[in-house]
Amino acid sequence: MFVSAGDLEKYAFCPLSWWLSRRHKIVEKQGIKHHKKVEKELSTIKEKEKKVRFYEKYILFFALAASIVAMVGVAFLYGKLEIFWEYFLVIIALLWLLNATFFLYRVSRVESILRARYEKLLLVSSMGAIIISTFLIISSNPPDEKWSRFAEILALIWVITANMLFYRYVVLSDEILSKKVKYVPLRGEIEYVGSNRKGEEITSEKYGIRGTPDYVIKIDDDYIPVEEKSADIKQPLFHHVIQITAYCMLVEDRYGVPPPYGIIKYKNAQFKIPYEKRWKDMVLEMREKMLRDMERGGAHRNHNNIKKCRRCSYREKCPESMAS
Ligand code: SF4
């Protein structure tokens, strides 16, 4: 049976508050508002990042296409080359081709993390070979001003298009950066945004828990869950540590690597909670206790901390409350 990370948090605060929350729905408006705001901002960032990737692709396409067409235009104007230059360009084109073949071979061999770098080199090398070969083929014909002009105009239009896309790319990238620094370190990415939408919840068969962390960031090869709290607190609270540990367990199961830590962000401070065995054992122990309490049909206060009762949302309905 799956137990939610949110229920584990309540249980860690006080088992009775978790039990009462099953019967009485108390909506904490401030918390919900804060989570909705975070979710909206992060979803917007993700959307804009998608657009930036789209622009990136088309800027490259138009810039390359414009370069090729411009070269074609020059080739039309130039006419027949001297024999030395013909040989010289054939050798250069072959070298580019050789380069491209080498990078093609490397792409199939390297780890996926390095693949993108080799793919870029492969693209540049093959484009170089194509441009030089095209130049050679066209320049073997007599000069043709009409075609040359047409090619240069087309190249100009594509360069303008690439520049317009580049302008949008820069504006969007700036917008993303200014918003993103609030949530993610510079070298990090937003990997997952938790929401109440269907299918967003993460479940772990291995640990028997489920939940939706506010978001998960990716730093290098690590996936780190982050939980935002609207409260103003100087030290991480025990029940929040239990909740973020449960999220670390979910992230570990989902991505196949244990996160080094989880982050709890309060209004005024944030804390990195190391993902340690002692916390993990406590989560699993608490899960067992919850299941036993469910079977028994009730739970009780397990503390003598009056401050807890004073700030508990269920104190009005609680038969064991210490706060009058
Ligand atoms: S009022 Fe106190 S005893 Fe009752 S549920 Fe809240 S924390 Fe637990």
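Details of the structure are given in the entry above.
A.B. asks: Describe in detail the nonpolar core, supporting the description with residues and values.
C.D. replies: The biggest cluster of nonpolar side chains holds 40 residues, and the ones touching the most others in it are Leu8, Ile209 and Ile273. Among the secondary structure elements, those contributing two or more residues to this core are helix H1 (5-13), helix H2 (15-23), helix H7 (238-255), strand E8 (270-274) and helix H8 (277-296). It is H7 that provides the largest number of residues to this core, a total of nine residues. Formed by 22 residues, the second largest nonpolar core is a distinct cluster that contains Val38, Val52, Val193 and Tyr261.

A.B. asks: Summarise the site of the ligand; cite the residues concerned and give the values.
C.D. replies: In the vicinity of the ligand, the residues found are Phe13, Cys14, Leu16, Ser17, Arg301, His303, Cys309, Cys312, Arg315, Cys318, Glu320 and Ser321. In a pocket analysis with a 2 Å cut-off to the grid points, the ligand is assigned to the largest cavity. Looking at the shell around the ligand residue by residue, the classes come out as six nonpolar, three polar and three charged.

A.B. asks: Please give an account of the pattern of salt bridges that cites residues and values.
C.D. replies: Using the criterion set out here, one finds 18 salt bridges in the structure. With a closest N to O distance of 2.8 Å, glutamate 49 and lysine 180 form a salt bridge. Taken as a pair, glutamate 49 in helix H3 (residues 29-78) and lysine 180 in helix H6 (residues 145-180) lie far apart in primary sequence, 131 residues in all. For the residue pair glutamate 49 and lysine 180, the accessibility class agrees, reading buried in each case. The residue lysine 180 makes a salt bridge to glutamate 189 at a minimum N-O spacing of 3.3 Å. Assessed through its relative accessible area of 38%, glutamate 189 is described here as partly exposed.

A.B. asks: Summarise the packing of H2 against H8; cite the residues concerned and give the values.
C.D. replies: Packed helices, taken two at a time, are described by the angle their axes make and the gap between the axes. The geometry of H2 relative to H8 is characterised by a closest axis approach of 11 Å and an angle of 55° between their N-to-C directions. For the element pair H2 / H8, the angle class is oblique. For the crossing formed where H2 meets H8, the hand is right-handed. Contacts from Trp18, Trp19 and Arg22 in H2 reach Met290, Asp293 and Met294 in H8. Looking at the contact of H2 with H8 residue by residue, the class counts come to four nonpolar, no polar and two charged.

A.B. asks: Explain the packing of H1 against H8 to me, and be specific about the residues and the numbers.
C.D. replies: Interaxial distance between H1 and H8 falls to 10 Å at its minimum, and their mutual angle equals 85°. The angle between H1 and H8 places the two elements in the roughly perpendicular class. Contacts from Asp7, Leu8, Tyr11 and Ala12 in H1 reach Val283, Met286, Arg287, Lys289, Met290 and Asp293 in H8.

A.B. asks: I'd like to hear about empty space enclosed by the protein, residue by residue, with values.
C.D. replies: To locate leftover empty space, one rolls a probe as large as a water molecule over the atoms. Summed over the entire model, instances satisfying the criterion amount to one cavity of 30 Å³ or more. In this structure, the largest cavity spans a volume of roughly 90 Å³. Cys14, His303, Cys309, Cys312 and Cys318 are, among the 14 residues lining the largest cavity, the residues nearest its centre. When residues of the lining of the largest cavity are traced back to their parent elements, those giving at least two are H2 and helix H9 (306-310).

Criteria and thresholds
Along each chain, residues carry numbers from 1 onward, in the same order as the chain's sequence is written. Restriction of local features to residues with pLDDT of at least 70 applies here, the model being predicted, together with a cutoff of 80 or more for giving and counting side-chain atom pairs; totals for whole chains, interfaces and linings are based on all residues. Neither water nor hydrogens contribute to the side-chain values; these are computed over all heavy atoms in the structure. Among buried residues, those of type Ala, Val, Leu, Ile, Met, Phe, Trp, Tyr and Cys that are joined through side-chain atoms within 4.5 Å constitute a nonpolar core. Only protein chains enter the accessibility calculation, which uses a 1.4 Å probe; a residue is then buried when its area is under 20% of its type maximum, exposed when over 50%, and partly exposed in between. For helices the rule is a DSSP run of H or I covering at least 4 residues; for strands it is a run of E covering at least 2, with both sets numbered from the N terminus onward. Nearness of a residue to a molecule or strand requires only that one of the residue's heavy atoms be within 4 Å of it. Here a cavity denotes a set of grid points, spaced 1 Å apart and computed over the protein atoms alone, in which a 1.4 Å probe fits but from which it cannot get out, and a pocket denotes an open set meeting protein on both sides within 12 Å along at least five of seven lines; residues with an atom within 4 Å of a point are reported as lining. Throughout, a molecule is located in a cavity or pocket provided that more than half of its atoms lie within 2 Å of its grid points. In this classification, Asp, Glu, Lys and Arg are treated as charged, Ala, Val, Leu, Ile, Met, Phe, Trp, Tyr, Cys and Pro as nonpolar, and every other residue, Gly included, as polar. Put simply, a salt bridge is a Lys or Arg side-chain nitrogen that is within 4 Å of an Asp or Glu carboxyl oxygen. To get an axis, a line is fitted to the C-alpha atoms, and for a helix only the part in contact is used. The angle between two axes follows their N-to-C directions and goes from 0 to 180 degrees. Oblique is the label for any angle not covered by the other classes, which are roughly parallel (under 35 degrees), roughly antiparallel (over 145) and roughly perpendicular (65 to 115). Less than a right angle of anticlockwise turn of the near helix away from the far helix marks a crossing as left-handed, whereas a clockwise turn marks it as right-handed. Whether two residues are in contact is decided by their heavy atoms: any pair within 4.5 Å suffices. Grid points are joined across faces, edges and corners, and a volume is the space filled by probe spheres set on the points.

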